[in-house]
Amino acid sequence: FALFDEHRRVVTTNSLNARLFPEVAPFYVPGALFDDLLKRVIDLGSIEKTRAAGWFAERMAAYEKEAIDIEYETSDGRWFFSIARRTSDGGRVFILLDITERKRGQIALAQSEAKEREAREQLETIFNRMPFGCLVADSDLSITYMNPAAERIFGCRFEDMRGLTPFETGLIDTDRDIVEALHA
């Protein structure tokens, strides 16, 4: 939490700011200018030098808005969500949330989904190029995939077979007992 007056000067802050950014804490005192605090954050290396100018300009422009919600990463890999609102006297109140764990989870999930998508695409490519027919069914024996060779062999389209069991399609008209016993 931090409160700034209408001239962008610190009025008060809580101890969480000092714990989150101990290197800036000595400068986060009543009367310190918002602009100077941002510059100090950059000087101390909390923001990558390649992003520093843009980050500073973005924060200064955002400060002038009625309300801002900004998510950003620091150079040490931590993620923060900054919420700022204008006060009735023209100042600003800031709330800073450490969202590092949530962000890491989101990144890990996105990477996992990308790997799964890539593996699925590779498998589909292999199945689509196989010269022999292949049907894939789920645990209820409903058809979830049919490759082009199977479409040619059985003389039907996958779209017409999707979700049906082989028994419902007429593809298997004998040995139902054996298939169901193997499935059980």
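Whatever comes next refers back to the structure up there.
Residues numbered from 1 in each chain as written. Predicted model: local features only at pLDDT ≥ 70, side-chain atom pairs only at ≥ 80, totals over all residues. Heavy atoms only, no water.

What to know about the overall build of the chain
And step 1. Counting its regular elements, the chain contains eight helices and seven strands.
And step 2. The C-alpha atoms of the chain give a radius of gyration of 30 Å, which is well past the 16 Å a tight globule of 184 residues would have.
And step 3. Taking the principal axes of its C-alpha atoms as reference, the chain extends roughly 85 × 30 × 25 Å.
And step 4. A total of 184 residues make up the chain; the buried ones form 31% of that total.
And step 5. In the chain, 32% of the contacts between residues at least 6 apart in sequence involve partners at least 24 apart. (Helix = DSSP H or I, 4+ residues; strand = E, 2+ residues; numbered from the N terminus. Rg over C-alpha atoms; globule rule 2.2 N^0.38 Å. Buried < 20%, exposed > 50% of the residue type's maximum accessible area, 1.4 Å probe, protein only. Contact = heavy atoms within 4.5 Å.)

Some remarks on the sheet that holds strand β1 (residues 2-4)
And step 1. What the five strands build is an open sheet, ordered β2-β1-β5-β4-β3; its pairing is antiparallel. Looking at which strands have only one partner, the edges of the open sheet turn out to be β2 (10-13) and β3 (67-73). On average, adjacent strands in this sheet sit at an angle of 15 degrees to one another, irrespective of strand direction.
And step 2. Relative to β2, β1 is paired through three bridges, and the arrangement is antiparallel. Considered in β2, the bridge of F4 is made with V10. (Pairing = 2+ DSSP bridges. Axes fitted to C-alpha atoms, helices over the stretch in contact; angles between N-to-C directions.)

What about the pairing of strand β4 (residues 79-86)?
And step 1. Relative to β4, β3 is paired through seven bridges, and the arrangement is antiparallel. What sits directly across from Y72, in β4, is F80.
And step 2. Where β3 hands over to β4, the hairpin turn is made up of five residues, of which G77 adopts a positive phi near 90 degrees.
And step 3. Where β4 and strand β5 (residues 92-98) come together, seven bridges link them in antiparallel fashion. The partner of F81 across the bridge, within β5, is L97.
And step 4. Here β4 folds back onto β5, and the loop between the two strands holds five residues, one of which, G90, carries a positive phi near 95 degrees.

A few points about the packing of helix α2 (residues 34-43) against helix α3 (residues 49-63)
And step 1. Remark: α2 packs on α3, axes separated minimally by 10 Å, with the N-to-C direction vectors making an angle of 160 degrees. By the angle between their directions, the pair α2 and α3 is classed as roughly antiparallel. The two elements α2 and α3 cross, and the hand of that crossing is right-handed. Across from F34, D35, L38, K39, V41, I42 and D43 in α2, the residues of α3 making contact are K49, A52, W55, F56, R59, M60 and Y63.
And step 2. Its residues assigned to classes, the contact of α2 with α3 shows nine nonpolar, no polar and five charged. (Parallel < 35°, antiparallel > 145°, perpendicular 65-115°, else oblique. Left-handed = near helix turned anticlockwise from the far one by under 90°. Nonpolar A, V, L, I, M, F, W, Y, C, P; charged D, E, K, R; others polar.)

Digging into the nonpolar core
And step 1. Ranked by size, the top nonpolar core spans 25 residues in total, and within it F4, F21, F34, W55, Y72 and F94 carry the most contacts.
And step 2. Secondary structure elements with two or more residues in this core: β1, α2, α3, β3, β4 and β5.
And step 3. For Y72, the residues in contact, after removing those within four places along its chain, are F21, I47, W55, R59, R78, W79, F80, S82 and L96.
And step 4. If you look at the next biggest cluster of nonpolar residues, it comprises six residues, including I143, A150, C156 and F158. (Core = buried A, V, L, I, M, F, W, Y, C linked by side-chain atoms within 4.5 Å.)

Considerations on the state of the cysteines
Should the sulfur atoms of two cysteines be covalently bonded, the bond is a disulfide.
And step 1. A full pass over the atoms with the stated rule returns zero disulfides.
And step 2. This cysteine, C134, is not joined by any disulfide, and C156 carries the nearest cysteine sulfur, 14 Å off.
And step 3. Overall, the relative accessible area of 14% leaves C134 in the buried class. (Disulfide = S-S within 2.5 Å.)

A short note on the pairing of β5
And step 1. Here β1 pairs with β5 via three bridges, running antiparallel. Following the sheet pairing, L3 is matched in β5 by V93.

Such coordinate-based values are descriptive only and should not be taken to indicate function.
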